[in-house]
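Here is what each chain is made of, one letter per residue.
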Amino acid sequence: MGLLDILLGRTRPVAPDLDRLFALPSAAVTLQAAADFTPTGRGAVCFATVEGAAFDDVRKEVQALLDADAERTGAPVELVRDEYGYSWLVSRRGPEDLPALVGDLHAVNSALEASGFGPQLLCSVVWFERADRAGGEGDRLGLVYLYKRGTFYPFSPLTGADGRVDHQRRDNALELQVRAALAGELRVEQDLSRWFPVWGAPGL
């Protein structure tokens, strides 16, 4: 970086560090203690949709690799395209098996990166929930990892009286509470304008 970059406040992009994903299980313990959120066992990797045989081959290899895990129970890894045109590779594990879920997300990111599709990677998200003491649907929270920034941020959509997600509103106060709670656990994104809502994320 040159002197002009420093004077103008320009900085180089943060290099992706996928190993930061492995901090999530420890952060989950802190999150449960601070705000009573527990993992749902659902997570996904989001990437810009790519057409072509080369990408399709890599995706199939990743899915086959993860589905071959003898410890996996429940649904196989799934490819989902959301209403905004983005693609998600979705993994489902038991709520108690967050380390394995994180391993899945790390493997997907690593495989796509190693195959030259790093520029298409956007984010990864792991979902948490907090039970409603009144017996309703409760609160939802995603911890989102921004691939190109190497940072995390919380995303909490509000739910209506019917328990459905309101695709227009999010719980900003809760997100700031979670940021404070996890500041010592994760590299939290400081630029709030980059806390993008992931309305189309599977598991929402």
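Above this text you will find the structure in question.
I will try to describe carefully the structure that is included in this document. (Residues numbered from 1 in each chain as written. Predicted model: local features only at pLDDT ≥ 70, side-chain atom pairs only at ≥ 80, totals over all residues. Heavy atoms only, no water.)

Within the fold, E51 resides in the loop between β1 (38–47) and α3 (53–67). Here the side chain of E51 touches R81 through a polar contact of 3.3 Å, side chain to side chain. (Helix = DSSP H or I, 4+ residues; strand = E, 2+ residues; numbered from the N terminus. Polar contact = N/O pair within 3.5 Å; in protein donor to acceptor, adjacent residues only side chain to side chain.)

Next up on the list: the side chain of T151. By the element assignment, T151 lies in strand β6 (residues 151–155). In this structure, T151 is in contact with V144, Y145, L146, R187, V188 and E189, ignoring residues within four places of it in sequence. (Contact = heavy atoms within 4.5 Å.)

What follows concerns the pattern of salt bridges. Applying the stated rule across the entire model yields 10 salt bridges. With its nearest N and O atoms 2.9 Å apart, the salt bridge here joins R130 to D139. A residue is classified by how much of its surface remains accessible, and D139, at 30% relative accessible area, is partly exposed. Across the pair E189 and R149 runs a salt bridge whose closest N-O atoms are separated by 2.9 Å. Placement of the pair is E189 in the segment after α5 (172–182) and R149 in the loop between β5 (139–146) and β6, with a sequence separation of 40 residues. Classification of R149 as partly exposed rests on a relative accessible area of 28%. Members of the salt-bridge network, linked through shared partners, are D56, R59 and K60. (Salt bridge = Lys/Arg side-chain N within 4 Å of Asp/Glu carboxyl O. Buried < 20%, exposed > 50% of the residue type's maximum accessible area, 1.4 Å probe, protein only.)

Another aspect to go through is the pairing of strand β3 (residues 87–92). Judged by how many residues are buried, β3 sits mostly within the fold: five of six residues are covered. Alignment of β1 against β3, held across six bridges, turns out to be antiparallel. Bridge pairing in β3 links R42 to R92. Here strand β2 (residues 78–81) folds back onto β3 in antiparallel fashion, the turn holding five residues, of which G85 has a positive phi close to 95°. (Pairing = 2+ DSSP bridges.)

The next point concerns the sheet that holds β5. In spatial order, the strands read β2-β3-β1-β4-β5-β6; together these six strands make up an open sheet with antiparallel pairing. Pairing within the sheet leaves two strands with one partner each, and these edge strands are β2 and β6. Strand after strand, the sheet turns through a mean of 25° between neighbouring axes, direction not considered. Contacting β1, β4 (121–130), β5 and β6, helix α2 (residues 24–35) crosses the sheet at an angle of about 35° to β4. Relative to the sheet, helix α4 (residues 98–117) contacts β1, β3 and β4, its axis offset from that of β4 by approximately 170°. (Axes fitted to C-alpha atoms, helices over the stretch in contact; angles between N-to-C directions.)

Moving on, we come to a nonpolar patch on the surface. Together, Y84, Y86 and L122 make up an exposed nonpolar region whose accessible area comes to about 280 Å². When you line up the elements, Y86 lands in the loop between β2 and β3. Given the relative accessible area of 38%, Y86 is considered partly exposed. (Patch = residues over 30% accessible without salt bridge, like charges linked within 9 Å, V, L, I, M, F, W, Y side chains within 5 Å. Areas by Shrake-Rupley, 256 points an atom, 1.4 Å probe, with all protein chains shown as cover.)

Another point: α3. Relative to the 21 Å expected for 15 residues at 1.5 Å per residue, α3 spans 21 Å between its end C-alpha atoms, a close match to the ideal helical length. Looking only at α3, the buried set comprises F55, V58, R59, V62, Q63 and L66. For α3, the angular spread of the buried residues around the axis is 130°, confining them to a single face. Structural note: α3 exposes A53, A54, E61 and L65 on the side pointing more than 90 degrees away from its buried face. Taken together, the buried residues of α3 touch β1, β2, β3 and α4. (Expected span 1.5 Å × (residues − 1). Arc of directions from axis to C-beta.)

As a further point, take the packing of aromatic side chains. Taken as a whole and judged by the stated rule, the model has five aromatic pairs. Relative to F117, the ring of F55 has its centre 4.8 Å away and its plane inclined at 85°; by these criteria the two rings are edge-to-face. Separated by 62 residues along the polypeptide, F55 in helix α3 and F117 in helix α4 bring together distant segments of the chain. Judged by relative accessible area, which is 14%, F117 ranks as buried. Their ring planes at 75° and their centres at 5.1 Å tell us that F155 and W199 sit as a pair that is edge-to-face. Here F155, found in strand β6, pairs with W199, found in the segment after α5; they are 44 residues apart in sequence, far enough to count as distant. On the basis of relative accessible area, W199 is assigned to the buried category, the value being 13%. Pairwise contacts between aromatic rings join F47, F55 and F117 into one cluster. (Phe/Tyr/Trp six-rings, centres within 6.5 Å; stacked < 30°, edge-to-face > 60°.)

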